Amino acid sequence: MVPAQPLHNALEELDGPAFERDDFADDGCSDEDIVSLLEENARLRKLVVRLSEIVLRNVADS
């Protein structure tokens, strides 16, 4: 069985902001709302990476 490979670079890639203010249409959202959404998005992406690592580790152990 092939061992699961850790996703070391995945978390590093998610640390920086993926979007700028100009990437969004002017829909009445404040800059603070957008920053909050981007931070939550980054947090959720990191959780997905961690979950993927756990799943791959458990599959490799099987």
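This structure is a prediction, so every number in the text was calculated from the model and none was measured.

Undergrad: Please explain the overall build of the protein chain as it appears in this structure.
TA: Counting its regular elements, the protein chain contains 2 helices and 0 strands. Taken over 62 residues, the protein chain has a buried fraction of 6%.

Undergrad: Would you mind showing me how to read a nonpolar patch on the surface here?
TA: On the surface, L51, V55 and V59 cluster together into a nonpolar patch covering about 270 Å² of accessible area. Within the secondary structure, V55 sits in helix 2 (residues 31-61). A relative accessible area of 44% places V55 in the partly exposed class.

Undergrad: Explain the pattern of salt bridges to me, please; I cannot follow it from the model alone.
TA: Should the charged atoms of two oppositely charged side chains come close, the side chains can pair. Taken as a whole, this structure holds 1 salt bridge when the rule is applied. The residue E40 makes a salt bridge to R43 at a minimum N-O spacing of 2.7 Å. Pair noted here: E40 and R43 are both in helix 2, with a separation of 3 residues, about one helical turn.

What counts as what
Note that residues are indexed from 1 along each chain, following the sequence as it is written. Reporting of local features is limited, given that this is a predicted model, to residues whose pLDDT is at least 70; pairs of side-chain atoms are given and counted only at 80 or more, and all residues count toward the totals for whole chains, interfaces and linings. Hydrogens are left out, water is left out, and the side-chain values use all remaining heavy atoms of the structure. Secondary structure elements are defined from DSSP: runs of H or I of at least 4 residues count as helices, runs of E of at least 2 residues count as strands, and each element is numbered from the N terminus. Relative accessibility under 20% of the residue-type maximum defines a buried residue, over 50% an exposed one, and the middle range a partly exposed one, all with a 1.4 Å probe and only protein chains included. Like-charged residues within 9 Å of one another, or nonpolar side chains (Val, Leu, Ile, Met, Phe, Trp, Tyr) within 5 Å, are grouped into patches, provided each residue has over 30% relative accessible area and no salt bridge. Residue-level accessible areas treat just the shown protein chains as cover; the underlying method is Shrake-Rupley with a 1.4 Å probe. Only one rule defines a salt bridge in this text: a Lys or Arg side-chain nitrogen within 4 Å of an Asp or Glu carboxyl oxygen.

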